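Coordinates in review
Below are the chains, spelled out letter by letter.
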Number of protein chains: 2
Amino acid sequence: MISTRLTEKLGIKHPIISAPMAFAAGGALASAVTRGGGLGLIGGGYGDAEWLAEQFDTAGDAPVGVGFITWSVQRSPELVTETLRRRPAAVMLSFGDPRAFADEIHAAGATLICQCQNLDHVRNAVTTGADVIVAQGSEAGGHGALRGTLSLVPEVADFLRRESPDTVLAAAGGIADGRGLAAALTLGADGVLMGTRLWASTEAQVHPSHHDAMLAADGDGTIRTRACDVVRGLPWSTDFTARIRRNTFTERWHGHEDELAESISTAGPDYGDAWAAGDIDNAGVFFGEAAGIIHEIEQAVMIIDRIVSQAEDVLRTSAARCN
Amino acid sequence: MISTRLTEKLGIKHPIISAPMAFAAGGALASAVTRGGGLGLIGGGYGDAEWLAEQFDTAGDAPVGVGFITWSVQRSPELVTETLRRRPAAVMLSFGDPRAFADEIHAAGATLICQCQNLDHVRNAVTTGADVIVAQGSEAGGHGALRGTLSLVPEVADFLRRESPDTVLAAAGGIADGRGLAAALTLGADGVLMGTRLWASTEAQVHPSHHDAMLAADGDGTIRTRACDVVRGLPWSTDFTARIRRNTFTERWHGHEDELAESISTAGPDYGDAWAAGDIDNAGVFFGEAAGIIHEIEQAVMIIDRIVSQAEDVLRTSAARCN
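Residues numbered from 1 in each chain as written. Chains lettered and ligands numbered in written order. Predicted model: local features only at pLDDT ≥ 70, side-chain atom pairs only at ≥ 80, totals over all residues. Heavy atoms only, no water.

Notes on the overall build of chain A
- Within chain A, the secondary structure is distributed over 16 helices and 11 strands.
- A compact globule built from 323 residues should have a C-alpha radius of gyration of about 20 Å, and chain A, at 19 Å, falls within 12% of that.
- On the principal axes, the C-alpha backbone points of chain A span a range of 60 × 45 × 35 Å.
- Within chain A, the proportion of its 323 residues that are buried is 64%.
- At a minimum sequence separation of 6, the contacts of chain A that also span at least 24 residues come to 63%.
- Accessible surface for chain A amounts to roughly 11500 Å². Of this, 49% is attributable to carbon and sulfur atoms.
- The positive charge centre, built from 25 side chains, and the negative charge centre, built from 41, are 6 Å apart in chain A. (Helix = DSSP H or I, 4+ residues; strand = E, 2+ residues; numbered from the N terminus. Rg over C-alpha atoms; globule rule 2.2 N^0.38 Å. Buried < 20%, exposed > 50% of the residue type's maximum accessible area, 1.4 Å probe, protein only. Contact = heavy atoms within 4.5 Å. Areas by Shrake-Rupley, 256 points an atom, 1.4 Å probe, with all protein chains shown as cover. Lys, Arg positive; Asp, Glu negative; His and termini not counted. Charge placed at Lys NZ, Arg CZ, Asp CG, Glu CD.)

Shown next, in the form of structure tokens:
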């Protein structure tokens, strides 16, 4: 057991939140993480209300949260209102300005989690009244930005201690085992948010070929790119990129996004077909640098248990080195 | 005191190596780090034999090492031979294939340190017979690549445990306080190599205006770019970029390197003049993301002492959270 301000704030056993990964983090994964002692978040994705409702049904009684891509849900803000009727334990907002939603989320009794990629985001999240800040480093799979986790987390911890000492901090980006959880705690975080490690679980909604591709990859096998957003016609800010597997698609289009946008009438459907077929070469396969330390697809509860007990071992062993 | 395989291997008191930063890491800094209980490395830079000899003279009796930019010193390999006559405790090779120098370095009785930015580099360094591997993440100031420290270090630790268990591992990139040292140890490293934190010391050969610019910056104030290499006519591989302060120069030229190369006849001298004058807007100011947690220019010995005692505190406090 590792008790921190995050376990207290969220009323959970282990200081672990699962990332609300679009498509992959449905009700099965979120409820498994919550039952395993963490907090599971359903991925709000790009605003498919029906899919989201199904995922809450799947999660059933397990208290789970939800995460939205802020700029996307700003286009259909009623989705936040509808989702709050499901009484999520927490709502996480990432990639955009959270201010428009904060009051409504707090009024519904949910914990507001804001994911931040730099200090400006953190300043804004604190002003907005975030209860938990996730400092996400570039190692993360999927969308993110450029700061490294190891330097971002202590800097955010210092900022919060000075400016907003009641705000709780979770680290994200590259954390996939007990060493990463232990490191996050030593860097000043109160816990972690994990994506790739829980994407690599039996409960995640991931094509088996994508899982196999991740298991075969080392941590060098990914790249941050806009190509997968351009090909899907998703109007992501250029402040953010997605970390995906290096493959035929990224070799062809990364760095050639303008050309890709011009070819969208053929490249778009090709990408969609490849995604639907689980083709790992011609569509985005979304995982992070932590792929290099993940070697098995397992149940979420086993992943969480092992990470916590490994973190305890690592912290005790490291402390014992001090003499 | 934190005793690790790195302190044993190098015969030093604290598991801290100073980065051989070109221009900044002279004999004064290297000897101060060694006297402070770590291992100081003089920066071999781009092959100025006279400057290098002066720095060894300055270091005097203190056992220090030296670091070379591998591709650069390959153009004047006699510099390695000459330098080995100064009996360096260690030679670090970064940014290129170390194989051509390994035998000569070992024959001179020096420890071979290879800095690596990805798993391919590590595989090659192990084959080469590296005694110590530095796994350097993207957070680092100056030259480096794209993997984040937090995900790279445990992956390299696993690789070494499996393939070369006697090779010792140091973490680099974003480490500037006791939290970073503690995190490095929990991630599986035996110690750390620090650049920016020791660049921010009284002994580093850094223009006062550059120090002031770093103190004023947060960790978001840097960028990885090739522009500072293009303007200096340095034939760096595109596999590597330099992390420097965001300024007028990077705003103008980052992403426009081809145009910069065409303008070299005027842009080159302008950059050289700005560098010589300590102009923080029109030349590269080389520091890393750790700038956000550095608030004072101090003596190296004070920096090292505080980092070690903070790491001890952090590890003990974190271990005490496990119940």
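Still more to cover.
Details of the domain arrangement of chain A
Residues and elements named next belong to chain A.
- Domain parsing of chain A yields domain 1 (5-206 + 297-321) and domain 2 (208-277).
- Each of domain 1 and domain 2 was reduced to a C-alpha centroid, and the two centroids are 24 Å apart.
- Between domain 1 and domain 2, a total of about 1700 Å² is buried, with carbon and sulfur atoms accounting for 66% of that surface.
- For the pair domain 1 and domain 2, the number of links is 0 salt bridges.
- Linking domain 1 to domain 2 there are 12 residue pairs in polar contact (both at pLDDT 80 or more).
- The residue inventory of the side of domain 1 that touches domain 2, partitioned by class, reads 12 nonpolar, 8 polar and 2 charged. (Domains from an automatic or database assignment. Buried area = accessible area lost by both parts, 1.4 Å probe. Salt bridge = Lys/Arg side-chain N within 4 Å of Asp/Glu carboxyl O. Polar contact = N/O pair within 3.5 Å; in protein donor to acceptor, adjacent residues only side chain to side chain. Nonpolar A, V, L, I, M, F, W, Y, C, P; charged D, E, K, R; others polar.)

A closer look at the packing of aromatic side chains
All names here are of chain A.
- Applying the stated rule across the entire model yields 20 aromatic pairs over all chains.
- Ring geometry for W275 and F286: centres 6.4 Å apart, planes at 90°, overall edge-to-face. Highlighted residues: W275 in helix α15 (residues 264-277) and F286 in the loop between α15 and α16 (300-320), separated in sequence by 11 residues.
- W275 gets classed as partly exposed once you look at its relative accessible area, which sits at 35%.
- Pairwise contacts between aromatic rings join F23, Y46, W71, F95, W236, F240, W275 and F286 into one cluster.
- When the ring centre of W253 is taken as origin, the NZ or CZ atom of R252, which lies over that ring, is 3.8 Å away. (Phe/Tyr/Trp six-rings, centres within 6.5 Å; stacked < 30°, edge-to-face > 60°. Lys NZ or Arg CZ within 6 Å of the ring centre and 35° of its normal.)

Looking at the sheet that holds strand β6 (residues 132-136) of chain A
Residue and element names in this part refer to chain A.
- Taking strand neighbours across the sheet as the criterion, the 8 strands line up as β1-β9-β8-β6-β5-β4-β3-β2 in an open arrangement whose pairing is parallel. Two strands lie at the open edges of the sheet, namely β1 (16-18) and β2 (41-43), each paired on one side alone. Along the sheet, successive strands turn relative to each other by an average axial angle of 25°, direction set aside.
- In terms of strand pairing, β2 meets strand β3 (residues 65-69) through 3 bridges, oriented parallel. Counted as the bridge partner of G43 is G67 from β3.
- Strands in contact with helix α3 (residues 49-59) are β2 and β3; relative to β2, the strand with the most contacts, it is inclined by about 155°. (Pairing = 2+ DSSP bridges. Axes fitted to C-alpha atoms, helices over the stretch in contact; angles between N-to-C directions.)

Digging into the interface of chain B and chain A
- On the side of chain A, 48 residues touch chain B, which itself brings 48 residues to the contact.
- Of the roughly 3800 Å² buried between chain B and chain A, counting both surfaces, carbon and sulfur atoms make up 52%.
- Sorting the residues of chain B by area buried against chain A places L150, R179 and R321 of chain B first, and these three jointly supply 19% of that buried surface.
- At the junction of chain B and chain A, the tally comes to 8 salt bridges.
- Between D220 of chain A and R147 of chain B there is a salt bridge; the shortest N-O distance is 2.6 Å.
- Here chain B is connected to chain A by 22 residue pairs in polar contact (both at pLDDT 80 or more).
- Among the secondary structure elements, those contributing two or more residues to the side of chain B that touches chain A are α7 (119-128), α8 (149-163), α9 (178-186) and α16 (300-320) of chain B.
- Examining the composition of the side of chain B that touches chain A, we find that 8 residues originate from one element, α8 of chain B, more than from any other.

Describing the pairing of strand β8 (residues 168-172) of chain A
All names here are of chain A.
- A large share of β8 lies buried, amounting to 5 of its 5 residues.
- Judged by which residues are buried, β8 turns out to be covered on both faces: V168, A170 and A172 on one side and L169 and A171 on the other are all buried.
- As paired elements, β6 and β8 share 5 bridges and run parallel to each other. Residue A135 lies in a different strand from β8, and its bridge partner there is A171.
- Taken together, the 3 bridges between β8 and strand β9 (residues 191-194) define a ladder with parallel strand orientation. Residue pairing for β9: A170 is matched across the bridge by G191.
- With helix α9 (residues 178-186) bridging β8 and its parallel neighbour β9, the resulting β-α-β unit is right-handed. (Right-handed = clockwise from strand over helix to strand, strands pointing away.)

Examining the pattern of salt bridges
- All chains considered together, the criterion is met by 36 salt bridges over all chains.
- The residue D177 of chain A makes a salt bridge to R179 of chain A at a minimum N-O spacing of 2.8 Å.
- The class for R179 of chain A is buried, based on a relative accessible area of 8%.
- Where salt bridges share partners, they join R147 and E155 of chain A together with D220, R243 and E289 of chain B into one cluster.

Remarks on the relation of the copies chain B and chain A
- Note on the copies: chain B fits chain A at an RMSD of 0.0 Å, the axial shift is 0.0 Å, and the rotation between them is 180°. Both chain copies can therefore be described as sitting about a two-fold axis. Using C-alpha coordinates, one finds that chain B approaches the rotation axis most closely at A183 of chain B, a distance of 2.1 Å.
- Counting the interface residues of chain B, we find that 100% of their copies in chain A are interface residues as well, pointing to one common contact surface. (Least-squares fit on C-alpha atoms with pLDDT ≥ 70 in both.)

A few points about the sheet that holds strand β7 (residues 142-144) of chain B
Residues and elements named next belong to chain B.
- Spatial strand order, β7-β11-β10: 3 strands in an open sheet with antiparallel pairing. The sheet terminates laterally at β7 and β10 (222-225), the two strands that pair on one side only. With strand direction ignored, the average angle separating the axes of adjacent strands in the sheet is 30°.
- Both β7 and strand β11 (residues 241-245) contribute to a ladder of 3 bridges, which runs antiparallel. Note on β11: the bridge partner recorded for G144 is T241.

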